[in-house]
Amino acid sequence: MKKIIYTQNNQQVYLEVPPPANMPSFFVFALHKSGSVMQDNVFEELCANLKIPMISVAKTSFNQGVEESAFDKRICEIFTQVGYCFYGSRYLPPYLKELDLSGFKKFLLMRDPRDILVSHYFSLKKSHAIPQGDVGDKLLAKRRQLQEITIDDFALEEAPKLGWRIKNYAKIADENLKVFRYEDVVFDKVQWIKEILAFLGLNLELSKIQEIAKRHDVFPETENPAAHIRKVTPGDYQAKLKPSTIVKLNECLEDVLVKYNYEISGKGILEKCPIAIYQMGKVGSQTIWRSLGMDNFVTQNSQDLPIYHVHVLGAKNIEIAINNRTEKNLPLTVQLKHGKELRAYLDTQENPHLKVITVVREPISQCISSVFQTMKVYFPNLINSDGTCKVKETQKYLTNVVVNEKLKASNWFEHEFKQGLGIDVYHHQFNPENGYGIIQEKKLEILILTLENSQIWSQVIADFLHLPNQLKIIKQNTSESKDYGTVYNQIITQLKFPVPVLEKIYSSQYCQHFYTPEMIESFISKWAISST
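Residues numbered from 1 in each chain as written. Predicted model: local features only at pLDDT ≥ 70, side-chain atom pairs only at ≥ 80, totals over all residues. Heavy atoms only, no water.

With an unreviewed UniProt entry as reference, the protein is termed Sulfotransferase domain-containing protein, source organism Gomphosphaeria aponina SAG 52.96 = DSM 107014.

Printed below as a string of structure tokens:
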């Protein structure tokens, strides 16, 4: 049966009202981009299987170009105590203020509001369906506006409104409200459906539950900003938003984040959180470490806050490195001492909080710089009796390393970083065009930088550590400034390799993850044997 409902301005909307079922009515609520479409689809299948009729004022009005907020209390006659699933609202509509919902069972799907803001930005900018009427006109205007607005500006502008919409749901909070978090259900939909049914006191065959869950397990292999289901992985905001933006969002949304048990990260030095400059050699670690010290970061901002400079953190790798130094009768380096101290800290804390800065570099350049840096200790056969470099022998050695793909940078995150922190960086998104990315797991916060984009380090590191000003970067330990600088420049200019070798090197997971195809093409061009 079609029923005509009226807006406050007496605009007509045609609503399908099927015959009621013999069961208590219930409501299903969500927020925009909280997994609301997924939830609607799941409930539609459940209700179809259980023969529960459904009514959605939100969907019906949207499709007819009318905002749900346009209705007043006259619509409440639809919401009978018996017979229906009422669903589709992405906020608590004003007209429901006139209705006592305490007797209804209610569902609410929540999501980390920071992820909601990111997802909503891409949805409005690229993928959201545009209906007819005033609603469509407003969405088109918003889409045009977003072409000129950054995601950070959008998030900061929309956060207070989102916080208000979430807090508004407190008006229906009672023993009949069941709250689910998107993060808890998206990867276990079978359990989610079981809990929905249990809350309603209904039963459905397990095979049906599994079928429904499987149909709605949609996980894009790659992120597509133009698709409505762009990305489902929780914590996406950390890769999309600036650290300084995240800090401001945490402040704005703190009440909501605490209420729904979302972690508030990014307090940095206020939490006396240790910092580790943890990266492979010859990628700028000395520059970052010295810059933090010379900028008086330690003395002014964190009197008892350790800053570790570490190349090796995996327990077995530390042991191997110490044994190597001992066998050569060499003292332990600062980096090894810091590695031992930091390893002890991580092993003795139940849930250690640590900020980590790591840097990646194009692997052939990293290899050449590393060989020159450690030549006196590990490659004495490449040094003449007068202390100068044997150019031909060094070129031959480096050629062999590259041609045989013995580049340590390509495997460093797997062989060292994963062992040291238990984190696989390749399971986290990284946008090479940004030149940096942030990973957060539990209380570990990791900033990944690319050496090739070192011009952004001042601001990005300052944002990550929540410094009041940009960090003054003071270059240290560069190969060009060493006593072997002339020979180093000569060798990197002369070394060239076959294109097939380079293509194989740059097809590695390391290069594909941290660099764009255009960057990789430029690396190949730099090192390729000329075809002329």
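Having seen the structure, we can now continue with the description.
*Asks:* Sorry, what's going on with the overall build of the protein here?
*Replies:* Helix and strand counts for the protein stand at 24 helices and 12 strands. Counting every position in the protein, which comprises 532 residues, the buried fraction comes to 52%. Taking as baseline every contact in the protein between residues at least 6 positions apart, the subset at least 24 positions apart corresponds to 74%. (Helix = DSSP H or I, 4+ residues; strand = E, 2+ residues; numbered from the N terminus. Buried < 20%, exposed > 50% of the residue type's maximum accessible area, 1.4 Å probe, protein only. Contact = heavy atoms within 4.5 Å.)

*Asks:* For this particular structure, what's the right way to read the nonpolar core?
*Replies:* The nonpolar side chains of soluble globular proteins are, as a tendency, buried together. Judged by nonpolar contacts, the single largest core of 78 residues is most densely connected at Ile364, Phe413, Leu449, Tyr506, Tyr510 and Phe514. For this core, the element with the highest residue contribution is helix α20 (residues 457–465), accounting for 6 residues. Counting residues in hydrophobic clusters, the runner-up holds 50 residues, among them Cys76, Tyr95, Leu177 and Ile246. (Core = buried A, V, L, I, M, F, W, Y, C linked by side-chain atoms within 4.5 Å.)

*Asks:* I would appreciate a short explanation of the sheet that holds strand β12 (residues 444–450) in the present structure.
*Replies:* The strands that make up a sheet are held in pairs by hydrogen bonds between backbone atoms, and each pair lies either parallel or antiparallel. What the 5 strands build is an open sheet, ordered β9-β8-β10-β12-β11; its pairing is mixed. The sheet is open, and its two borders are formed by β9 (307–310) and β11 (436–441), each paired with just one other strand. Pairs of neighbouring strands in the sheet enclose a mean axial angle of 20 degrees, with direction left out of account. For strand β8 (residues 275–278) and β9, the ladder comprises 4 bridges, and the chain directions are parallel. Bridge pairing in β9 places Ile275 opposite Ile307. Lying on the sheet, α20 is in contact with β8, β10 (354–360), β11 and β12; it crosses β12 at an angle near 180 degrees. (Pairing = 2+ DSSP bridges. Axes fitted to C-alpha atoms, helices over the stretch in contact; angles between N-to-C directions.)

*Asks:* Where do I start with the state of the cysteines in this structure?
*Replies:* Considering all chains together, one arrives at 0 disulfides under this definition. The thiol of Cys47 is unpaired, and the distance to the nearest cysteine sulfur, on Cys85, comes to 4.1 Å. (Disulfide = S-S within 2.5 Å.)

*Asks:* Mind showing me how you'd approach helix α16 (residues 363–373) here?
*Replies:* Structural remark: α-helix, 3.6 residues per turn; residues separated by three or four positions point the same way. A large share of α16 lies buried, amounting to 9 of its 11 residues. Every buried residue of α16 is accounted for by Pro363, Ile364, Ser365, Gln366, Cys367, Ile368, Ser369, Val371 and Phe372. Its side-chain oxygen at 2.7 Å from the backbone nitrogen of Ile364, Glu362 defines the N-terminal cap of α16. (Polar contact = N/O pair within 3.5 Å; in protein donor to acceptor, adjacent residues only side chain to side chain.)

*Asks:* Please clarify how the pairing of β12 should be interpreted in this entry.
*Replies:* Residues in a regular strand point their side chains to alternate faces of the sheet. The element β12 is extensively covered by neighbouring structure, given that 7 of its 7 residues are classed as buried. Here β12 shows two buried faces, one formed by Leu444, Ile446, Ile448 and Thr450 and the other by Glu445, Leu447 and Leu449. Where β11 meets β12, 6 bridges bridge the pair, whose relative direction is antiparallel. Its bridge partner lying in β12, Tyr436 is registered against Leu449. Linking two consecutive strands that pair antiparallel, namely β11 and β12, is a turn of 2 residues; a positive phi of about 55 degrees is found at Lys442 within it.

*Asks:* Just to check I follow, could you spell out a negative patch on the surface for this structure?
*Replies:* There is a patch of like negative charges on the surface, built from Glu433, Glu503, Glu518 and Glu521. Position of Glu518 among the secondary structure elements: in helix α24 (residues 517–527). (Patch = residues over 30% accessible without salt bridge, like charges linked within 9 Å, V, L, I, M, F, W, Y side chains within 5 Å. Areas by Shrake-Rupley, 256 points an atom, 1.4 Å probe, with all protein chains shown as cover. Salt bridge = Lys/Arg side-chain N within 4 Å of Asp/Glu carboxyl O. Lys, Arg positive; Asp, Glu negative; His and termini not counted. Charge placed at Lys NZ, Arg CZ, Asp CG, Glu CD.)

*Asks:* Any chance you could explain the environment of Thr493 here in plain terms?
*Replies:* Position of Thr493 among the secondary structure elements: in helix α21 (residues 485–494). Among the residues examined, Thr493 registers a relative accessible area of 55% and is labelled exposed. As a C-alpha pair, Thr493 and Trp527 span 34 residues in sequence and 8.8 Å in three-dimensional space. Within the structure, the side chain of Thr493 is placed 2.7 Å from the backbone oxygen of Asn489, a separation counted as a polar contact.

*Asks:* Looking at this structure, I do not really get the pattern of salt bridges. What am I missing?
*Replies:* One side chain can pair with another of opposite charge once the charged atoms of both are near each other. All told, the structure shown has 19 salt bridges when counted by the stated rule. Here Lys3 makes a salt bridge to Glu77, at a shortest N to O gap of 3.0 Å. A residue pair is termed long-range when its members are at least 10 positions apart, and Lys3 in strand β1 (residues 2–6) and Glu77 in the loop between α2 (57–63) and β5 (85–89) qualify at 74 residues. For Glu77, a relative accessible area of 56% puts it in the exposed group. Each of Asp40, Glu44, Lys59 and Arg90 takes part in salt bridges that share partners, so that together they form one network.

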